[in-house]
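Descriptive analysis of the structure
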Amino acid sequence: MSTTAAMEVKTPEVKTAAELAQQPEEYRTAVQKIVISHAVNELYGAQVFDEPAIKLAPTPYAKWLTCRVAMEEYHHHVRFKALADEIGVSAERMDPQRKRPLSIFGFNLRTWPEFCVIKAIADYAEILQVEDLLHCSFHPLRNLARITMPEEKFHAKFGKDFCQELIQQGKAAEVQDGIDRYFPITPGFFGANHSKNNEIYRKWGLKQRTNEEMRQDFVARVTELVEKDFGLKLPALN
Ligand SMILES: [Fe+2]
Ligand SMILES: [Fe+2]
C-alpha cells in the first residue's frame, strides 16, 4: 500500500524556501514537521545531556571534547531553527515546553559513563535519521543534513571511544548498566510502525526509508557495537 502511495506523485526537487511556498500543502506541512522535530530535539538534547555532561567529564581533555559536542548540538538547533524561521514556522511550534521532546530525552543523566553510552547509541540513531535526509527532495534540508552528518559521526565516535576507555579502566559494569537502562528506550526514537507521517515523507521524496527499516538497521548496528566492539551484552527488547 505504501509503495502504491510512493508511486502516485512525481518527486519534486525544491531548491529554496521560496520554491517551497509553491508546493502543495501536504508537502509544505511534511517539511515543516521534519524541520520542527530536528530543531526541538537538537535543543532539548543539548540542554539535558550535552551541556550538563561538561560537568561530569572526568578530565580536562574529556571536558574540552564534551564542550565541542555541546557546541555542535546547540549549533544543530540554531541551523534547523534558522531554516524553520525561513519557511515560516512560528516560534511556539518549536518551544520544547509545548512540543514534547522524544522519549529518549526523558532519561535522567547522572554519570559520565551514562553520557558516553548515550552518545554511542543515540547519536548513531541520529546518524541514521540524518542519513535518510541526504537525498531529501527539499534541498535546504538536504544541505543541512550534509553539513550535520560529519558532526553526528564525531559524536557517535566520541561515545564509542570513551566507552572503550572506561571498559579498559575496569569500568565495564558501569557501561553495561548504562546500556541496560538506556538502550530499551531508544527504538521508539524511530517512530511507530506503519506511520502515516513516514508514508507521506516517502511519497514526496523527503525521506527514503520506513521507520521499521531504520529501527532494524539501528538495532543490528548497536548489537554489533555492544557485543563485538565492547564485549558486553545488549538487553532484550520486549
Ligand atoms: Fe545533533
Ligand atoms: Fe549529536
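Structure: see above.
Residues numbered from 1 in each chain as written. Chains lettered and ligands numbered in written order. Predicted model: local features only at pLDDT ≥ 70, side-chain atom pairs only at ≥ 80, totals over all residues. Heavy atoms only, no water.

For the rest of this paragraph, the subject is the coordination of the iron ion (ligand 1). The coordination sphere of the iron ion (ligand 1) contains the protein donors Glu-42 (OE), Glu-42 (OE), Glu-73 (OE), His-76 (ND1) and Glu-152 (OE), at a distance range of 2.0 to 2.5 Å. Coordination of the iron ion (ligand 1) draws on donor residues from a single chain, spaced E-x30-E-x2-H-x75-E in sequence. Between the two metal centres, the iron ion (ligand 1) and the iron ion (ligand 2), the spacing is 3.4 Å, with Glu-73 acting as a shared donor. In this pair, Glu-42 sits in helix 3 (residues 25–56) while Glu-152 sits in helix 6 (residues 139–168), placing the two residues 110 residues apart along the sequence. A relative accessible area of 5% places Glu-42 in the buried class. (Donors = N, O, S within 2.8 Å, 3.2 Å for Na, K, Ca; no water. Helix = DSSP H or I, 4+ residues; strand = E, 2+ residues; numbered from the N terminus. Buried < 20%, exposed > 50% of the residue type's maximum accessible area, 1.4 Å probe, protein only.)

On to the packing of aromatic side chains. All told, the structure shown has 15 aromatic pairs when counted by the stated rule. For the ring pair Trp-112 and Phe-158, a centre distance of 6.1 Å and an interplane angle of 80° mean the geometry is edge-to-face. Placement of the pair is Trp-112 in helix 5 (residues 112–131) and Phe-158 in helix 6, with a sequence separation of 46 residues. Given a relative accessible area of 7%, Trp-112 falls into the buried group. Judged by relative accessible area, Phe-158 falls into the buried class, the value being 3%. The interplanar angle of 25° and the centroid separation of 6.3 Å between the aromatic rings of Phe-183 and Phe-218 together place this pair among those described as stacked. Note that Phe-183 is positioned in the loop between helix 7 (172–182) and helix 8 (196–203) and Phe-218 in helix 9 (residues 211–229), a separation of 35 residues in sequence. Like Phe-183, the residue Phe-218 is buried in the burial classification. (Phe/Tyr/Trp six-rings, centres within 6.5 Å; stacked < 30°, edge-to-face > 60°.)

A few words now on the coordination of the iron ion (ligand 2). Ligation of the iron ion (ligand 2) by protein atoms is provided by Glu-73 (OE), Asp-123 (OD), Glu-152 (OE) and His-155 (ND1), these donors lying 2.0 to 2.2 Å from the ion. If you look at the iron ion (ligand 2), its four donor atoms make angles of 88 to 154° with each other, and the shape they trace is irregular. Here the donor residues for the iron ion (ligand 2) map to a single chain with the spacing E-x49-D-x28-E-x2-H. Glu-73 sits in the buried class, given a relative accessible area of 4%. Take Glu-152: its relative accessible area is 1%, and that puts it in the buried class. (Tetrahedral: all angles 85-135°; square planar, octahedral: opposite > 155°, others 65-115°.)

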